[in-house]
Amino acid sequence: MDFVKSLSIAASGLRAQAGRMKVLSENIANADSTAQKPGADPYRRRIPTFRSELDRELDARTVQLGPTRPDQSSFRTKHEPGHPLADANGNVRYPNVNSIVEMTDMREAQRSYEANVNVIGATRRMIQRTLDILRA
């Protein structure tokens, strides 16, 4: 088994999931924000993507956080006639962020992150056992 390859693949997964959690946390933080000025769009949900890359030095495929893309679904609206950003009908547009979806995605990212941590831990234990056998 190639320990370096195993560690590199798991480390790339850690970086990708950490980046994913950053994007998701930005979505959650902006879930109830409004536009900066009347007529402007509020925050638009961002969707993280991943891409596979070939590490030629290790001859292994790793995962990288790809570009984030905007979610093109429609914004939420609330009828708030007294709000300074309300339109002529008294509606205010809010981000197209569903906090429940974001929290579910965040939990999935955390579990993927933990799985990669476990791979690194198992690989470290195998390396240690190998060294112990070689010393004996």
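So, here is what we can say about the structure in this document. (Residues numbered from 1 in each chain as written. Predicted model: local features only at pLDDT ≥ 70, side-chain atom pairs only at ≥ 80, totals over all residues. Heavy atoms only, no water.)

## Regarding the pattern of salt bridges
A side chain of one charge can pair with a side chain of the opposite charge when the charged atoms of the two come close. If you walk through the whole model with that rule in mind, you get nine salt bridges. The shortest N-O distance in the salt bridge between Arg45 and Asp105 comes to 3.6 Å. Within this pair, whereas Arg45 is found in the loop between helix H1 (3–29) and strand S1 (46–47), its partner Asp105 is found in helix H2 (residues 99–135), the two being separated by 60 residues in sequence. Like Arg45, the residue Asp105 is buried in the burial classification. Through salt bridges with shared partners, a single ionic network connects Arg45, Asp71, Glu102 and Asp105. (Salt bridge = Lys/Arg side-chain N within 4 Å of Asp/Glu carboxyl O. Helix = DSSP H or I, 4+ residues; strand = E, 2+ residues; numbered from the N terminus. Buried < 20%, exposed > 50% of the residue type's maximum accessible area, 1.4 Å probe, protein only.)

## Things to note about H1
Each α-helix turn comprises 3.6 residues. Residues three or four places apart therefore point the same way. Its 27 residues place the ends of H1 39 Å apart at the C-alpha level, agreeing with the 39 Å of an ideal helix rising 1.5 Å per residue. For H1, the capping residue at the N-terminal end is Asp2, with a side-chain oxygen 3.3 Å from the backbone nitrogen of Val4. (Expected span 1.5 Å × (residues − 1). Polar contact = N/O pair within 3.5 Å; in protein donor to acceptor, adjacent residues only side chain to side chain.)

## Here we look at H2
In this model, H2 (37 residues) spans 53 Å end to end at C-alpha, consistent with the 54 Å of a helix rising 1.5 Å per residue. The N-capping residue of H2, defined by a side-chain oxygen 3.0 Å from the backbone nitrogen of Ile100, is Asn98.

## Brief notes about the pairing of strand S3 (residues 60–65)
Two elements, strand S2 (residues 50–55) and S3, share six bridges in a ladder whose sense is antiparallel. Residue pairing for S3: Leu54 is matched across the bridge by Arg61. Here S2 folds back onto S3, and the loop between the two strands holds four residues, one of which, Asp59, carries a positive phi near 55 degrees. (Pairing = 2+ DSSP bridges.)

## Comments concerning the environment of Asn91
Secondary-structure assignment places Asn91 in strand S6 (residues 91–94). Note on Asn91: relative accessible area 25%, which makes it partly exposed. With 13 residues separating them along the chain, Asn91 and Lys78 place their C-alpha atoms 5.4 Å apart. Contact partners of Asn91, with chain neighbours within four places excluded, come to Lys78, His79, Leu85 and Ala86. (Contact = heavy atoms within 4.5 Å.)

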